[in-house]
Amino acid sequence: SRALGTALACISFGSLAAPPFGGVLYEFAGKRVPFLVLACVCVLDGLLLLVLAPPGGTGARANMPVGTPIHRLMIDPYIAVVAGALATCNIPLAFLEPTIANWMKDSMGASEWEVGLTWLPAFFPHVLGVYVTVRLAAAYPHLQWFYGALGMAIIGASSCLVPACRNFGQVIIPLCGICFGIALVDTALLPTLAFLVDVRHVSVYGSVYAIADISYCVAYALGPIVAGQIVHTMGFAQLNLGMGLANVLYAPVLLFLKNVCQMKPSHSERNILLEEGPKGLYDTIKMEERKG
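- Looking up the protein chain in an unreviewed UniProt entry gives the name VACHA protein, with the organism given as Aegithalos caudatus.
- Checking UniProt for the protein chain, the heading Subcellular location (unreviewed entry) contains the comment "Membrane".

## Some words on the environment of Gly-223
Next up, step 1: Within the secondary structure, Gly-223 sits in helix α11 (residues 206–233).
Next up, step 2: Overall, Gly-223 belongs to the buried group, its relative accessible area being 0%.
Next up, step 3: Spatially, the C-alpha atoms of Gly-223 and Ile-91 are 7.2 Å apart, while their sequence positions differ by 132 residues.
Next up, step 4: Dropping the residues within four chain positions of it, Gly-223 is found in contact with Ala-94, Phe-95, Pro-98 and Gly-228.

## A few points about a nonpolar patch on the surface
Next up, step 1: There is a patch of nonpolar side chains on the surface, built from Ile-70, Met-74, Ile-75, Ile-214, Val-218, Leu-222, Ile-225 and Val-226 and spanning about 690 Å² of accessible area.
Next up, step 2: Among the elements of the structure, α4 (70–74) and α11 are those that each provide at least two residues to the nonpolar patch.
Next up, step 3: Considering every element that reaches the nonpolar patch, the biggest residue donor is α11, with five residues.
Next up, step 4: Relative to the elements of secondary structure, Ile-75 occurs in the loop between α4 and α5 (77–96).

## Comments concerning the packing of aromatic side chains
One pair of aromatic rings is described through two measures. These are the centre distance and the angle between the planes.
Next up, step 1: Tallied over the entire structure, the rule returns five aromatic pairs.
Next up, step 2: An angle of 75 degrees between the planes, with centres 5.9 Å apart, marks the rings of Trp-145 and Phe-146 as edge-to-face.
Next up, step 3: When its relative accessible area of 14% is taken as the criterion, Trp-145 is described as buried.
Next up, step 4: The class for Phe-146 is partly exposed, based on a relative accessible area of 39%.
Next up, step 5: Where Phe-146 meets Tyr-147, the ring centres are 6.5 Å apart and the plane angle is 65 degrees; that geometry is what we call edge-to-face.

Calculation rules
Residues numbered from 1 in each chain as written. Predicted model: local features only at pLDDT ≥ 70, side-chain atom pairs only at ≥ 80, totals over all residues. Heavy atoms only, no water. UniProt positions renumbered as here; feature names shortened; annotations may be inferred. Helix = DSSP H or I, 4+ residues; strand = E, 2+ residues; numbered from the N terminus. Buried < 20%, exposed > 50% of the residue type's maximum accessible area, 1.4 Å probe, protein only. Contact = heavy atoms within 4.5 Å. Patch = residues over 30% accessible without salt bridge, like charges linked within 9 Å, V, L, I, M, F, W, Y side chains within 5 Å. Areas by Shrake-Rupley, 256 points an atom, 1.4 Å probe, with all protein chains shown as cover. Salt bridge = Lys/Arg side-chain N within 4 Å of Asp/Glu carboxyl O. Phe/Tyr/Trp six-rings, centres within 6.5 Å; stacked < 30°, edge-to-face > 60°.

Quick look at the structure:
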């Protein structure tokens, strides 16, 4: 939870700081400068990865177990519930980013700097949500599903409040609520995916986190297309009410995950760990952990 929370905080900083970053540089330095800065950052980060985390040799990976195929993970009902929650909770952020700027200009006469800074304050409650969820998960790990459901309820309520805002100061409050709720959902449910793979499949996490990325991508791919069409045909208020209702209705579905923490490893994995001798690096490590 702590490691994934840190990663989510960095992801959120990139997403929420992008509009003011790009807007300021575009306004004062020109169209090309934001892209050149990002290109330099990416090259520097790639070089640092090569130095600090070089790719492992083929020998180390040869002893790792083969992960469960992604199509089998997708039909696991518990993983499907988590993936649906991740997609649903990110819909408000994905749908509001391409639509809220025009709504603010039309409804409250917002200036360019106000539009650019709309999402930046929401970064701080997002980090707070990550911190709170990590601490709660350490103290009460069996309530991960509840933290996710609470986050979806907060997202739903905050989405419904956005159309009622009349100035820049007011609109920041529900946006902060949305990002706080997203932090609760993501930080609680992403470790749950790893736990589900541990107890129901093979403990290799690449495929299950690919499913999580697909869930995010579904929301952000549909955002510019679906959100714009809904605003054009039904209105901005109806868009927010629909997103809020979707999150509130999905929150009780997470009750399905209530007993996940009580699951035990599958029979096949237990045989590998307890009855057979270790066959590779992964099994050796797990056997030593069991003996310890």
